[in-house]
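Per-entry structural report
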Amino acid sequence: MLTKTVKIDLGERSYDIAIGSDIFALIADIAPKAAFIITDDNVEPYAKAVQEIILGAGANFCEILTFPHGEKTKSYESLQKAHNWMLENNVHRNSIVFAVGGGVIGDFAGFAAATILRGVPYVQVPTTLLSQVDSSVGGKTGINTKYGKNLVGNFYQPKAVITDISSLKTLPKRELLAGYAEVAKYGLIDDLAFFEWLEENAAGVLNFDETAISYAIELSCKAKAAIVEADEREGGKRALLNLGHTFGHALEAAAGYDGSLIHGEAVAIGTVMAFDLSVNMGLCPVKDAQRVRNHFKKLGLPVHAGSINASADELIATMRRDKKALDNKMIFILAKSIGNCFIAGDVNEDIVREILENSLMESD
Ligand code: GLY
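What comes next concerns the included structure. Computed from a predicted model, the values in this text were never measured in an experiment.

**Quick look at empty space enclosed by the protein**
Applying the stated rule across the entire model yields one cavity of 30 Å³ or more. Estimated volume of the largest cavity: approximately 100 Å³. What lines the largest cavity is a set of 14 residues, among which Gly148, Lys149, His249, Thr318 and Asp322 lie closest to the centre. Broken down by secondary-structure element, the contributors of at least two residues to the lining of the largest cavity are β8 (148-155), α8 (245-255) and α11 (312-320). Ranked by residues supplied to the lining of the largest cavity, first place goes to α8 with four residues. For the lining of the largest cavity, a count of residues per class yields six nonpolar, four polar and four charged.

Right, here's the structure in full:
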């Protein structure tokens, strides 16, 4: 299979995303003299494969720091550990950090790279579908705090993204499915034709048909590139990428980041809620909301918050603290139809509460 390249055009911060099967060897071209690989215990073998390539390309130093998998790694404590490890090993401005893992490792290692010596370059080597289509692209980095997800972080673009779809072969089915919610997001935001393609081809994507999966990743990365290029620091349009995330982040926080509700699952539920909210506000035909719900449900994604132990008001309080909230007002991505989403700042809280209450009461 040929390697595809998607370019992120951001002037001097531009970089390429290489997408293909068994393409770790491309890392040799980056040829760092000193490399710091940050990974998690689920994907250490991939980190070791990357290490071998870097050492084979002549690096003087290439070590791996492994964290436990899961959101809890995005903490101040882990950040200090990563900083100390780099400083103990004489990190310098020409060193390169490699983030080998999913969204947690990508965000975390990116932030560690951004904040050591006022910034050393980093390369994303995403190994989950979610990170390959979303979090490895566009330079969002950060850690979580007790007040919510990603509240401490910055925009710091990687030097390159190496997206090896072979790494998805070892990804647990649940993680693959959760990542799929972020793929569908691109169709739902502004590309009805892509959503229709997904309705036909989701099984191929989820059953690892290489042509289907690489097409879905390429299209997602191109969609994300267009939005990031237009609005790198989320002053406006980039917020569209948060479809389902205002609700989703609050659900994740309520679930306690303990693995009972993973990010893509929360986004799937949040996306269904965003469409339901759009219907209740008289903006979107009910058939479109049902179509989204049915698509996710058919694939096995969660579509309601019935398992979450929190009240609607507690979730609203978390949503008000979301980074996108302005003057304590929640920002939502709403839909006029599938493929036609927009950013809304003035949403009646009573309707939001009703959506949350209904979803919290649902069961399978
Ligand atoms: N994941 C949303 C963004 O990168 O803006």
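So much for the structure itself; the text now carries on.
**Re the pattern of salt bridges**
Per the counting criterion, the structure on display carries 22 salt bridges. The partner of aspartate 276 in a salt bridge is arginine 293, with the nearest N and O atoms 3.4 Å apart. Of the two residues, aspartate 276 sits in helix α9 (residues 263-280) while arginine 293 sits in helix α10 (residues 286-299), which places them 17 residues apart along the sequence. Put simply, Asp313, Arg320, Glu349, Asp350 and Arg353 are held in one network by salt bridges that share partners.

**Brief notes about the sheet that holds strand β5 (residues 96-101)**
Read across the open sheet, the seven strands follow the order β1-β2-β9-β6-β5-β3-β4; overall the sheet is mixed. A strand with exactly one partner marks an edge of an open sheet, and here the two such strands are β1 (4-8) and β4 (61-67). Strand after strand, the sheet turns through a mean of 15° between neighbouring axes, direction not considered. Pairing of strand β2 (residues 15-20) with strand β9 (residues 160-164) involves four bridges; the strand directions are parallel. Directly across from alanine 18, in β9, lies its bridge partner isoleucine 162. Of the strands in this sheet, β3 (34-40), β4, β5 and β6 (122-126) touch helix α3 (residues 103-115), which is tilted by about 170° from β5.

**Observations regarding the site of the ligand**
In the vicinity of the ligand, the residues found are Asp134, Lys140, Lys224, Glu234, Arg238 and Leu241. The side chain of lysine 224 places a nitrogen or oxygen atom 2.5 Å from an oxygen atom of the ligand. Its free accessible area being 200 Å², the ligand has 90% of it covered by the protein chains. Here the residues of the shell around the ligand sort into one nonpolar, no polar and five charged.

**Here we look at the packing of aromatic side chains**
Taken as a whole and assessed by the stated rule, the structure comprises eight aromatic pairs. Taken together, a centroid distance of 4.9 Å and an interplanar angle of 40° make the contact between phenylalanine 36 and phenylalanine 61 tilted. Remark: phenylalanine 61 occurs in strand β4 and phenylalanine 36 occurs in strand β3; sequence separation between them is 25 residues. Judged by relative accessible area, which is 0%, phenylalanine 36 ranks as buried. Here phenylalanine 67 and phenylalanine 108 contribute two aromatic rings whose centre-to-centre distance is 5.0 Å and whose plane-to-plane angle is 75°, an arrangement assigned as edge-to-face. Separated by 41 residues along the polypeptide, phenylalanine 67 in strand β4 and phenylalanine 108 in helix α3 bring together distant segments of the chain. Grouping residues by exposure puts phenylalanine 67 and phenylalanine 108 together as buried. Here the aromatic cluster, defined as three or more aromatic residues joined through ring pairs, consists of Phe36, Phe61 and Trp85. Seen from the ring of tyrosine 186, lysine 185 lies directly overhead, with NZ or CZ sitting 5.3 Å from the centre. Positioned over the ring face of phenylalanine 342 is lysine 336, at 5.0 Å from the centre of the ring.

Conventions used here
Residues numbered from 1 in each chain as written. Predicted model: local features only at pLDDT ≥ 70, side-chain atom pairs only at ≥ 80, totals over all residues. Heavy atoms only, no water. 1 Å grid on protein atoms, 1.4 Å probe; cavity = no way out; pocket = protein on both sides within 12 Å on 5 of 7 lines; lining within 4 Å. Points joined across faces, edges and corners; volume = space filled by probe spheres on them. Helix = DSSP H or I, 4+ residues; strand = E, 2+ residues; numbered from the N terminus. Nonpolar A, V, L, I, M, F, W, Y, C, P; charged D, E, K, R; others polar. Salt bridge = Lys/Arg side-chain N within 4 Å of Asp/Glu carboxyl O. Pairing = 2+ DSSP bridges. Axes fitted to C-alpha atoms, helices over the stretch in contact; angles between N-to-C directions. Contact = heavy atoms within 4.5 Å. Near = heavy atom within 4 Å. Polar contact = N/O pair within 3.5 Å; in protein donor to acceptor, adjacent residues only side chain to side chain. Areas by Shrake-Rupley, 256 points an atom, 1.4 Å probe, with all protein chains shown as cover. Phe/Tyr/Trp six-rings, centres within 6.5 Å; stacked < 30°, edge-to-face > 60°. Buried < 20%, exposed > 50% of the residue type's maximum accessible area, 1.4 Å probe, protein only. Lys NZ or Arg CZ within 6 Å of the ring centre and 35° of its normal.

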